[in-house]
Amino acid sequence: MEVDFKPSAFGDKFEGTIKLTVPSFDDRFEYMEVAGLKINQDGNIEYTSDYSQMIRKLVGFSKKFYKSVEVKNRQSGAEYKSFEDMACDVDCDPILIEVATKIRTGFRPDPK
């Protein structure tokens, strides 16, 4: 299953879409392992690693979910056609982080 995802991090600066594979049950639990998240006996999530280390690991883990990238920076005119293109541009960091942190919820929009 795939989804066309438009991160809120696009704001007015970016346009386009990112096609992502929806994570499976196993993917979502592997995500928690990679992130260093543990569920305690009360059912609450506990962090076991430094936040910046966790984000770096999750962005790397998210790469396998990218099917296609069609994104343009409206300000600079730069075009991105892959995860790698975006990973090489600091302007895309918020997009990469948002995609990585949405894996656990299957790229569903935040509840309003």
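In this numbering scheme, every chain counts its residues from 1 along its sequence in written order. pLDDT decides what is reported in this predicted model: residues at 70 or higher carry local features, side-chain atom pairs at 80 or more are listed and counted, and totals for whole chains, interfaces and linings draw on all residues regardless. Derived side-chain values reflect all non-hydrogen atoms in the structure, with water molecules and hydrogen atoms excluded from consideration.

Explain helix α2 (residues 51-62) to me, and be specific about the residues and the numbers.
With 12 residues, α2 should cover 16 Å at 1.5 Å per step; its first-to-last C-alpha distance of 16 Å lies within 8% of that length. For every residue, the accessible area (1.4 Å probe, protein chains only) is compared with the maximum for its type, and the residue is labelled buried under 20%, exposed over 50%, or partly exposed between those bounds. Put simply, DSSP H or I for four residues or longer makes a helix, DSSP E for two residues or longer makes a strand, and each gets a number counted from the N terminus. Those residues of α2 that fall on the buried side of the exposure criterion are Met-54, Ile-55, Leu-58, Val-59, Phe-61 and Ser-62. Take α2 and look down its axis: the buried residues cluster within an arc of 160°, on one side only. Here a residue-residue contact requires only that any non-hydrogen atoms of the pair lie within 4.5 Å. In this structure, the buried residues of α2 make contact with α1 (25-35), β3 (37-39), β4 (45-47), β5 (66-73), α3 (83-87) and α4 (93-101). Helix span, expected: 1.5 Å multiplied by one less than the number of residues in the helix. This arc describes the spread of directions from the helix axis toward the C-beta atoms.

Break down the confidence of the model for the chain for me, with residues and values.
One rule of thumb: low pLDDT means the predicted coordinates there are not for detailed reading. pLDDT is a residue-level measure of predictor confidence that goes from 0 to 100. Looking at the chain as a whole, the pLDDT averages 89, with 96% of positions reaching at least 70. Considering each helix and strand of the chain separately, the mean pLDDT is smallest for β4, with a value of 73, and largest for strand β6 (residues 79-80), with 98.

Outline the sheet that holds β5, supporting the account with residue identities and numerical values.
Criterion used throughout: strands pair if DSSP finds at least two bridges between them. Read across the sheet, 4 strands follow the order β1-β2-β5-β6 without closing on themselves; strand pairing throughout is antiparallel. Among the strands making up the open sheet, the edge pair consists of β1 (2-5) and β6. Where β1 lies against strand β2 (residues 14-21), 4 bridges are found, and the strand directions are antiparallel. Bridged to Val-3 within β2 is Leu-20. Seen against the sheet, α4 touches β1, β2 and β5 and runs at an angle of roughly 30° to β2. Helix axes are fitted to C-alpha atoms over the stretch in contact, other axes to C-alpha atoms as well, and angles between N-to-C directions run from 0 to 180 degrees.

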